[in-house]
Structure formats: C-alpha cells, structure tokens
Amino acid sequence: MDTSCIFCKIASGAFGTAFVHEDDAVVAFEDLNPQAPHHVLIIPREHVVSLSSASDAHDAMLSRLLRVAAKIASERGIAESGYRAVINTGPDGGQSVFHLHVHLLGGRPLAWPPG
Ligand code: 5GP
Ligand code: ZN
C-alpha cells in the first residue's frame, strides 16, 4: 500500500467506498466523475502505478481486471449494447491517478476515435 495513493486508500476501505465487486486481487467502485451512465473503475488491491509498470507477475491480476469489467457489464445489462474497457496510461494516455485502473464505460454510444 502506498499511503499517499488515493486508490490504495479506497481499496483498503479507509473511505467506506461501496464496492461494486471485490475479491482477493481487485476491487471495483463507481467513478467520482462519471463520463457515461455506467462508469466503474476496476483496480488491483496492489499498488501498481500503471500498465507500463506491470510485469509477468501481474498476468493473473491483469486478466482479472478485464474479466471483472466484463462481469459487471453483464450484470448491468450492457454486454449486448456494448461498452468500453479503457486503461489510460501515462501523460499522452490521459492518466491522472497513478494506480492502475480499468475504466468500464457504457450505457450510451461511445465515439471513436477518442479525443
Ligand atoms: P484516469 O484519468 O487516471 O484514467 O482516471 C482516473 C479516474 O479516477 C477519473 O475518471 C476520476 O474521475 C476518478 N477519480 C479520481 N479520484 C477519485 C476518487 O477519489 N474516487 C473515485 N470514486 N473516483 C476518483
Ligand atoms: Zn495505489
């Protein structure tokens, strides 16, 4: 745990955040500033700065992040209509919180290419 990291604190339960999903490796919760009718963040419990910081040791966790995104999409009834799972990475990727996370966005048509 990185005590200066907001997502580590959320994952630890320090803020009493309601989890959409939790297991031994990952937790999921609603984004504070939703960009779509469904906007959930799925994060590892372990402090990993970004996708670029992940190693072979993180393969199972990375798989879990994506599978949990798909599970939540299915539970919310947006698997058929479609959704997007996004990992913003680094400055050009638009990453603003430096604890790896997958954005699950859905419930409206999403433009491509992104801005
Ligand atoms: P990034 O820009 O790094 O890809 O995404 C960070 C996301 O975290 C943003 O969508 C932002 O709204 C969300 N966020 C930042 N701080 C908090 C917080 O304290 N709680 C929650 N639930 N979401 C946060
Ligand atoms: Zn962290």
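Above: the structure in question.
Cut-offs and rules
Residues numbered from 1 in each chain as written. Chains lettered and ligands numbered in written order. Predicted model: local features only at pLDDT ≥ 70, side-chain atom pairs only at ≥ 80, totals over all residues. Heavy atoms only, no water. Pairing = 2+ DSSP bridges. Helix = DSSP H or I, 4+ residues; strand = E, 2+ residues; numbered from the N terminus. Contact = heavy atoms within 4.5 Å. Axes fitted to C-alpha atoms, helices over the stretch in contact; angles between N-to-C directions. Polar contact = N/O pair within 3.5 Å; in protein donor to acceptor, adjacent residues only side chain to side chain.

**Concerning the sheet that holds strand β5 (residues 102-106)**
Reasoning step 1: Spatially, the five strands line up as an open sheet ordered β1-β2-β3-β5-β4, and their pairing is antiparallel. Among the strands making up the open sheet, the edge pair consists of β1 (21-22) and β4 (83-86).
Reasoning step 2: Where strand β3 (residues 38-44) and β5 come together, five bridges link them in antiparallel fashion. Looking at the pairing, valine 40 lines up with leucine 104 of β5.
Reasoning step 3: Each of β1, β2 (26-30), β3, β4 and β5 touches helix α2 (residues 59-75); the most contacted strand, β3, lies at about 155° to it.

**Some words on the side chain of aspartate 23**
Reasoning step 1: With respect to the helices and strands, aspartate 23 occurs in the loop between β1 and β2.
Reasoning step 2: In this structure the side chain of aspartate 23 is engaged in a polar contact, spanning 2.7 Å, whose partner is the side chain of histidine 21.
Reasoning step 3: If sequence neighbours within four positions are ignored, aspartate 23 has contacts with Arg45, Arg64 and Val68.

**Structural notes on the environment of alanine 69**
Reasoning step 1: You can see alanine 69 is positioned in helix α2.
Reasoning step 2: Linking alanine 69 and leucine 41, residues 28 residues apart in sequence, is a C-alpha distance of 8.5 Å.

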